[in-house]
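Inside the fold
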Amino acid sequence: MSKLWGGRFSKATDTLVDDFNSSIRFDARMYAQDIEGSMAHAEMLGRQGIIPEADAALIVKTLGEIKTDIENGKVEFEIDAEDIHMNIETILISRIGDVGKRLHTGRSRNDQVALDVRMYLRHEVDELLPLLEELKASILTIAEANLDTIMPGYTHLQKAQPITLAHHLMAYYEMLRRDCDRLHDCRRRINVMPLGSGALAGTTYPLDREFVAKKLGFDSVTVNSLDGVSDRDFVCELAFDLSVIMMHLSRLSEEIILWSSHEFSFIELDDAYSTGSSIMPQKKNPDVAELVRGKTGRVYGSLMGLLTMMKGLPLAYNKDMQEDKEQIFDAIDTVKMCLPVFSKMLLTMRVKRDNMLRGAKGGFTNATDVADYLVKHGLPFRDAHAVVGKMVAYCIENGKVIDDLSMEEFKKFSDLIEDDIYNEISLETCVNQRKLIGGPAYDTVKHIIDSYKLK
Ligand code: ARG
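In short, a report on the structure.

Parameters and conventions
- Residues numbered from 1 in each chain as written.
- Predicted model: local features only at pLDDT ≥ 70, side-chain atom pairs only at ≥ 80, totals over all residues.
- Heavy atoms only, no water.
- Helix = DSSP H or I, 4+ residues; strand = E, 2+ residues; numbered from the N terminus.
- Rg over C-alpha atoms; globule rule 2.2 N^0.38 Å.
- Buried < 20%, exposed > 50% of the residue type's maximum accessible area, 1.4 Å probe, protein only.
- Contact = heavy atoms within 4.5 Å.
- Areas by Shrake-Rupley, 256 points an atom, 1.4 Å probe, with all protein chains shown as cover.
- Lys, Arg positive; Asp, Glu negative; His and termini not counted.
- Charge placed at Lys NZ, Arg CZ, Asp CG, Glu CD.
- Expected span 1.5 Å × (residues − 1).
- Near = heavy atom within 4 Å.
- Polar contact = N/O pair within 3.5 Å; in protein donor to acceptor, adjacent residues only side chain to side chain.
- Nonpolar A, V, L, I, M, F, W, Y, C, P; charged D, E, K, R; others polar.
- Salt bridge = Lys/Arg side-chain N within 4 Å of Asp/Glu carboxyl O.
- Phe/Tyr/Trp six-rings, centres within 6.5 Å; stacked < 30°, edge-to-face > 60°.
- Core = buried A, V, L, I, M, F, W, Y, C linked by side-chain atoms within 4.5 Å.
- Pairing = 2+ DSSP bridges.

This part takes up the overall build of the protein. Along its length, the protein carries 19 helices and six strands. Computed over its C-alpha atoms, the radius of gyration of the protein comes to 31 Å, more than 25% above the 23 Å expected for a compact globule of 455 residues. Per-residue burial for the protein yields a buried fraction of 50% across its 455 residues. Put simply, of all contacts in the protein between residues at least 6 apart along the chain, 75% involve residues at least 24 apart. Taken as a whole, the protein presents about 22100 Å² of accessible surface, with 53% of it coming from carbon and sulfur. A gap of 1 Å separates the mean positions of the 55 positive and 71 negative side-chain charges of the protein.

This is the structure:
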């Protein structure tokens, strides 16, 4: 097939080069954006009198038909037409001849691809946001049902202080809130219209860039033509935002995996969200959580790939940048696949409240509260810390927890301790007296949940 750019060439491209150069395999997915962008460009060319209005109208109409044909599987893309942009232009020309040849006036594939990628990513961000909202809603539902489910909170994966499952899960809710914020923010930088940047230096045609921007739903236009064609910051930024989402999912995945182990036994995943072993009949594996944790690596890989691909590129467009697509598409596809299944896995898991409570009872999770008790009775905190340290050592030696100590035993450590100690260091008190903003107390967490439900 002769190339749209073949004029100055006397030889056909080697088929090896055709295959190597071609991006149609992965950029075909931007066909709708490419066509929509071309329609706006053609309409603008007609309005500006750059091409005859009738030609513009025929181009727009034919592009619409091509779109329908693509959607009905009636179009075969050609490897040697290189990419989605030239495939569609080639089809257009094959249908309306010379009129079709007017479409690319005042435009380069460099600004065209920048436009298409921005439109595609904007669309994908708009699909990602509801999936994140769905996960947030699932977390809110489980948290609300577990406002009084006491569990051990950890630092260093060692039992630290009692909290509730609601409080623990709401930490993830906060992360996801920031993830949504980041996507909204990234969308603002995606949503700038680059068409009119031309190959790198704009064009002499009187293009109405603002018209095209408005038509295509952009907030503004790029104001430097070199930047317009060579900026892929928004792609890297989205890959980063997706990486952080995966980082969050993988942390919760890790906890789900730990919690469903025999050793923790805090939760049981639903049969529909677990898998068995081909050899060990007893097994029930948290594959969904493991895969989400594993796929985090490939999303990070996309981010690193994109940053490295862009590193050191001279202005303006370089073909290296064609490599942005597979990376960001894969990252998006991965996150879009992970979010719904992760959401359902959480919603269907069974919480073993008794085991969580038992877990919180061991490991001296109320030791800080014993020290605080002494502080409230006048002892400086450092001294109280030392007293309780001795108490813990005594308990370990005697196979007890602090709550088991008799008043006589307590008195050996401090005569400030009275009968009310038992109530003051119960797990319920430990949790529910932490009612400052951000604390795990029932009322505090409920208040936060209620406020998010109103939004
Ligand atoms: N397929 C190319 C890409 O994805 C489109 C732009 C190509 N421009 C060029 N002059 N080779 O980046």
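Here the focus is helix 5 (residues 84–96). Between its terminal C-alpha atoms helix 5 stretches 18 Å, which fits the 18 Å expected from 13 residues at 1.5 Å a residue. Of all 13 residues in helix 5, ten are buried, a share of seventy percent or more. Those residues of helix 5 that fall on the buried side of the exposure criterion are I84, H85, M86, N87, I88, E89, I91, L92, I93 and I96. Where helix 5 is buried, its residues meet helix 2 (24–27), helix 3 (31–47), helix 4 (53–71) and helix 6 (109–145). Within two residues after helix 5, G97 carries a phi angle of roughly 55°, on the positive side.

What follows covers the side chain of D116. Among the secondary structure elements, D116 is positioned in helix 6. Each residue touching D116, except ones within four places of it in the same chain, is listed here: M30, Q33, D34 and H85.

What follows covers the site of the ligand. Lining the immediate environment of the ligand, one finds S23, D83, H85, R109, N110, V113, Y317, Q322 and K325. Contacts to the ligand include K325, whose side-chain N or O atom sits 2.6 Å from an oxygen atom. Broken down by element, the shell around the ligand gets its largest block of residues, three residues, from helix 6. Residues that form the shell around the ligand fall into these classes: two nonpolar, four polar and three charged.

Per the stated rule, a full pass over the model turns up 35 salt bridges. Note that R102 is salt-bridged to D55, the shortest N-O span being 2.8 Å. Taken together, the residues span a long stretch of sequence, with R102 in the loop between helix 5 and helix 6 and D55 in helix 4 at a distance of 47 residues. For R102, a relative accessible area of 38% gives the class partly exposed. Owing to a relative accessible area of 14%, D55 belongs among the buried residues under this scheme. The shortest N-O distance in the salt bridge between K67 and E71 comes to 3.7 Å. Here K67 pairs with E71, and both are found in helix 4, just four residues apart, close to one helical turn. With relative accessibility at 45%, the residue E71 sits in the partly exposed group.

The way to describe two aromatic rings as a pair is by their centre distance and the angle between their planes. Inspection of every chain in the model, using the stated rule, returns eight aromatic pairs. When the ring of W259 is compared with that of F266, the centres are 6.5 Å apart and the planes differ by 45°; the resulting orientation is tilted. Measuring from ring centre to ring centre gives 5.3 Å for F264 and F266, while their planes differ by 90°; the resulting arrangement is edge-to-face. Accessibility assignment for this pair places F264 and F266 in one class, buried. Put simply, the rings of Y154, W259, F264 and F266 touch in pairs and so form one group of aromatic residues.

A few words now on the nonpolar core. L121, L242, I256, I328 and L346 are the most contacted members of the largest nonpolar core, which has 106 residues in total. In terms of residues, this core owes the most to one element, helix 6, which gives 16 residues.

Looking now at the pairing of strand 1 (residues 150–155). As defined by bridge partners, strand 1 adjoins strand 2 (residues 158–164) across six bridges and the pair is classed as antiparallel. What sits directly across from P152, in strand 2, is P162. Taking the residues between adjacent antiparallel strands as the criterion, strand 1 and strand 2 are bridged by two residues, where H156 takes a positive phi near 55°.

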